[in-house]
Amino acid sequence: MLDQSNLSRRMTLSSVVQAITTYGPISRASVAKMTGLSKQTVSEVVLSLEKDGWVQTVGRTEGNVGRRAVVYEIVPEAALVASVDLGGTKVRVALCDLTGKVVAEMVEPTTQCGGVAVVDQIGRLTHETAAAHRIDQEKIRVAVVGVPGVPEAETGQVKMAPNIKGIDTINFPALLHERLGVEVLVENDVNLAALGEHWMTHQGDEDDLVYLSIGTGIGAGIVIGGKLVRGASGAAGEVGFLPFGADPFEAESKTTGALERVSATQAITSHYFELTGTAKNVPDVFEAALAGDQDAKQVLKSVASYIARAVAAIASVIDPACVIIGGSIGAREELVSLIKLEIDRCFPRSIPVEPSILGNHAALAGGTSIALSRLHIALFSGGLPGAKIVVPPPQVRTYLEDVS
């Protein structure tokens with residue numbers, strides 16, 4: 001049974017921290033008004049938080065008649081979280097403060113040794129990122145890692161991640177926890193990208209959205225009612241396996257989905273080669289299309305047509321407020337424009353489609369949002385059933401400047 005006095009203290013602390021986190025700089029009187037707590041209780045909690053280094057005074061209220069009140073905010077650098085985006089070609093680490101601001105970032109090619117070597121690389125890169133910016137390692141409290149696969153909660157193995165060998169045979173989060181010495185959460189990278197876009201660009205006004213990533217593969221992150229949809233086995237959003245495009249009954253379609261076979265990187269380069277006999281990588285195909293190459297235009301129109309069918313299928317079931325297109329291929333404006341045209345041809349109502357604003361930092365932003373929420377709960381709401389502290393996102397422009 002929970003200690004009721006401790007529970008009450010946690011509820012009080014959580015309420016005060018939420019108010020300061022959301023509305024800071026804020027006075028104690030304003031916190032009391034927002035939380036319904038007495039001014040004396042709020043003063044005691046705020047002074048305790050200030051003594052422990054979690055909040056700080058940042059001036060006084062302006063424009064009031066009489067005595068001006070001291071205002072408080074969270075100390076941004078009191079603790080940090082690590083957000084890691086693990087891809088088949090690159091691994092990126094961002095260290096963020098309690099406001100979500102990126103204070104340090106590093107990126108390097110992903111080791112091709114796989115398995116434990118990937119764990120060691122993430123641990124080393126996280127420590128090197130902190131050291132390069134003279135950050136105390138002990139300030140890092142939580143790490144969230146985005147992976148191009150489906151994490152299994154029971155085993156810690158990451159399934160359906162063919163671009164990173166060996167992480168389907170190890171307890172990935174447990175080994176990372178040992179390596180980093182902090183709590184580690186592992187999530188699908190496209191799911192994190194969906195959460196990142198929702199947190200930073202659509203929170204509140206569009207709580208039902210789909211993030212569709214098109215690159216080496218194709219996948220979707222689904223947010224309904226502001227919450228991520230994972231599905232019974234964590235594989236919700238594996239739209240690459242939608243049964244159209246290539247023949248879904250061919251054996252290859254069980255490893256590389258039928259839709260993915262006609263809409264991702266390999267499909268673009270292969271289709272162009274079939275038409276021309278010339279080998280081009282994906283960026284070169286896009287450049288050729290912009291230069292008027294009719295074969296390149298045909299390849300991109302074909303991809304856009306298949307993606308439009310996928311969007312229509314998703315919209316038929318979910319009816320999202322918007323579909324955000326991202327990934328190394330999907331974020332290209334010329335492809336998004338083609339997709340919109342194809343949707344209008346195959347679907348009876350308008351589907352708002354837009355390119356990702358966060359680009360290759362969408363998954364990092366999603367990881368940051370999860371890590372900050374988890375950290376705030378651990379610090380200020382431990383033992384409180386159903387506790388949740390919502391951390392407001394930084395401004396998108398400021399965030400992108402920090403990570404550029």
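For the structure itself, consult the block above.
On a predicted model such as this, the values are computed, not experimentally measured, just so you know. (Residues numbered from 1 in each chain as written. Predicted model: local features only at pLDDT ≥ 70, side-chain atom pairs only at ≥ 80, totals over all residues. Heavy atoms only, no water.)

1. Structural notes on the sheet that holds strand 3 (residues 70-74)
Then comes step 1: Here three strands make up an open sheet; going across it, the order is 1-3-2 and the pairing antiparallel. Unpaired on one side and paired on the other, strand 1 (26-27) and strand 2 (55-60) mark the two borders of the sheet.
Then comes step 2: Bridge analysis of strand 2 against strand 3 gives four bridges, and the strand direction is antiparallel. Counted as the bridge partner of Thr57 is Tyr72 from strand 3. (Pairing = 2+ DSSP bridges. Helix = DSSP H or I, 4+ residues; strand = E, 2+ residues; numbered from the N terminus.)

2. With respect to the environment of Ile140
Then comes step 1: Considering the arrangement of structural elements, one finds Ile140 in strand 7 (residues 140-147).
Then comes step 2: Sequence-wise, Ile140 and Ala304 are 164 residues apart; in three dimensions their C-alpha atoms are separated by 42 Å.
Then comes step 3: The contacts of Ile140, once residues within four sequence positions are left out, are Leu80, Ala82, Leu95, Thr126, Ala130 and Val182. (Contact = heavy atoms within 4.5 Å.)

3. Details of the layout of surface pockets
Then comes step 1: Of the pockets and cavities examined, the second largest pocket occupies roughly 1100 Å³.
Then comes step 2: Surrounding the second largest pocket, 39 residues form its lining, Glu187, Leu195, Leu228, Arg230 and Ile370 being those nearest its centre.
Then comes step 3: Secondary structure elements with two or more residues in the lining of the second largest pocket: strand 8 (150-151), strand 9 (158-159), strand 10 (183-188), helix 6 (189-202), strand 13 (227-228) and helix 13 (362-380).
Then comes step 4: Counting residues per element, the lining of the second largest pocket draws most heavily on helix 13, which supplies five residues.
Then comes step 5: Looking at the lining of the second largest pocket residue by residue, the class counts come to 17 nonpolar, 13 polar and nine charged. (1 Å grid on protein atoms, 1.4 Å probe; cavity = no way out; pocket = protein on both sides within 12 Å on 5 of 7 lines; lining within 4 Å. Points joined across faces, edges and corners; volume = space filled by probe spheres on them. Nonpolar A, V, L, I, M, F, W, Y, C, P; charged D, E, K, R; others polar.)

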